[in-house]
Amino acid sequence: AYVVTENCIQCKYTDCVDVCPVDCFVEGPNFLAINPDECIDCTLCVAECPAEAIFSEDDVPDDQQEFIALNARLAEIWPTITARKAPMPDADANNGTTGKRDLLVE
Ligand code: SF4
Ligand code: F3S
């Protein structure tokens, strides 16, 4: 499956949602996650993300391995999002900043 990682936090551009053929994204207050049981590994979302936050589970950076289990867990509690919406207000300012993990709101 594909995995949303740290740089989505506080950005949430949602371009990824529009291209997913199986609607496997779920939405929380400031992050999206992918349901690993539904993702068909089509790869389409990767290039769409302005934050470059989506990786194959085999390519998740070493310091973000926890996001593999985090996506799976959040997919069980957050609702599905099927249409693109406006990004978070300061998305561009927060794109690429470090230390966003602690800001994730469940
Ligand atoms: Fe959806 Fe394809 Fe991305 Fe998986 S890889 S989340 S199926 S767009
Ligand atoms: Fe997040 Fe990128 Fe989608 S910032 S909402 S994974 S387009």
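Here the structure is a predicted model, which means the values were calculated and not measured.

Undergrad: Before we move on, could you go through the site of ligand 1 and cite the residues and values that matter?
TA: Tyr2, Cys20, Pro21, Val22, Cys24, Phe25, Ile34, Cys39, Ile40, Cys42, Thr43 and Cys45 make up every residue found near ligand 1. In terms of residue class, the shell around ligand 1 is made up of 11 nonpolar, 1 polar and no charged.

Undergrad: Quick rundown of the environment of Ala72? Include the residues and the values.
TA: Within the element layout of this structure, Ala72 appears in helix H3 (residues 66-75). Taking C-alpha positions, Ala72 is 23 Å from Asn95, a pair spaced 23 residues apart along the chain.

Undergrad: Any details on a negative patch on the surface? Residues and values, ideally.
TA: Among the surface-exposed residues, Asp23, Asp37, Glu38 and Glu76 lie close enough to one another that they form a single negatively charged patch. Mapped onto the fold, Glu38 is located in the loop between strand S3 (32-34) and helix H2 (44-48). Overall, the relative accessible area of 38% leaves Glu38 in the partly exposed class.

Undergrad: Report on the pattern of salt bridges, specifying residues and quantitative values.
TA: For the structure shown, the criterion picks out 5 salt bridges. Lys85 is paired through a salt bridge with Glu27; the nearest N and O atoms lie 2.8 Å apart. Here the residue Lys85 occupies a position in the loop between H3 and helix H4 (91-94), and Glu27 occupies one in strand S2 (residues 25-27), the gap between them amounting to 58 residues. The exposure class of Lys85 is partly exposed, given its relative accessible area of 40%.

Undergrad: Give me the nonpolar core: which residues, what numbers.
TA: By size, the foremost hydrophobic cluster in this structure holds 33 residues, and its most contacted members are Phe25, Phe31, Ile34 and Ile54. Put simply, the parts of the chain that give this core at least two residues each are strand S1 (2-4), helix H1 (15-19), S2, S3 and H3. Examining the composition of this core, we find that 4 residues originate from one element, H3, more than from any other. Filtering out sequence-adjacent residues up to four positions away, Ile34 remains in contact with Tyr2, Val3, Val4, Cys24, Phe25, Cys39, Ile54, Asn71 and Ala75.

Undergrad: Give me the lowdown on the packing of aromatic side chains, citing residues and values where you can.
TA: Under the counting rule described, the total for this entry stands at 2 aromatic pairs. For the pair Phe31 and Phe67, a centre-to-centre distance of 5.8 Å together with 55 degrees between the ring planes defines the contact as tilted. With Phe31 in the loop between S2 and S3 and Phe67 in helix H3, this residue pair connects regions lying 36 residues apart in the sequence. Pair check on accessibility: Phe31 and Phe67 agree, each one buried. Between Phe31 and Trp78 the ring centres are 6.4 Å apart and the planes differ by 65 degrees, which places this aromatic pair in the edge-to-face class.

Undergrad: Could you give an account of unusual backbone geometry, with specific residues and numbers?
TA: One non-glycine residue, Asp23, lies in positive phi territory at about 50 degrees. Tracing the chain through its elements places Asp23 in the loop between H1 and S2. Even without being a glycine, Asp41 presents a positive backbone phi close to 60 degrees. Here Asp41 lies in the loop between S3 and H2. Judged by relative accessible area, Asp41 falls into the partly exposed class, the value being 41%.

So, how was this worked out
- In this numbering scheme, every chain counts its residues from 1 along its sequence in written order.
- Chain A is the first chain written and ligand 1 is the first ligand written, with later ones labelled in order.
- Where local features are concerned, this predicted model is filtered to residues with pLDDT of at least 70; where side-chain atom pairs are given and counted, the filter is 80 or more; whole-chain, interface and lining totals use all residues.
- Values reported for side chains reflect all heavy atoms of the structure, with hydrogen atoms and water molecules removed beforehand.
- One heavy atom suffices: a residue is near a molecule or strand as soon as one of its heavy atoms comes within 4 Å of it.
- Three classes are used, and their members are as follows: Ala, Val, Leu, Ile, Met, Phe, Trp, Tyr, Cys and Pro are nonpolar, Asp, Glu, Lys and Arg are charged, and the others, Gly among them, are polar.
- Strands here mean DSSP runs of E at least two residues long; helices mean DSSP runs of H or I at least four residues long; both are numbered from the N terminus.
- Candidates for patches are residues over 30% relative accessible area with no salt bridge; among them, like charges are joined within 9 Å and nonpolar side chains (Val, Leu, Ile, Met, Phe, Trp, Tyr) within 5 Å.
- Areas reported here follow the Shrake-Rupley algorithm with a probe of radius 1.4 Å; residue values treat only the protein chains shown as occluding.
- Salt-bridge detection follows one rule: a side-chain nitrogen of Lys or Arg within 4 Å of a carboxyl oxygen of Asp or Glu.
- Neither His nor the chain ends contribute to the count of charged residues, in which Lys and Arg are positive and Asp and Glu negative.
- Each charge is placed at NZ for Lys, CZ for Arg, CG for Asp and CD for Glu.
- Working definition: with a 1.4 Å probe on protein chains only, accessible area under 20% of the residue-type maximum means buried, over 50% means exposed, and in between means partly exposed.
- Throughout this description, the term nonpolar core refers to a set of buried Ala, Val, Leu, Ile, Met, Phe, Trp, Tyr and Cys residues connected via side-chain atoms within 4.5 Å.
- The contact criterion used is simple: two residues touch if any of their non-hydrogen atoms lie within 4.5 Å.
- In this analysis, rings of Phe, Tyr and Trp, with Trp reduced to its six-membered ring, are considered paired at centre separations within 6.5 Å, and the interplanar angle assigns stacked below 30 degrees, edge-to-face beyond 60, and tilted for intermediate values.

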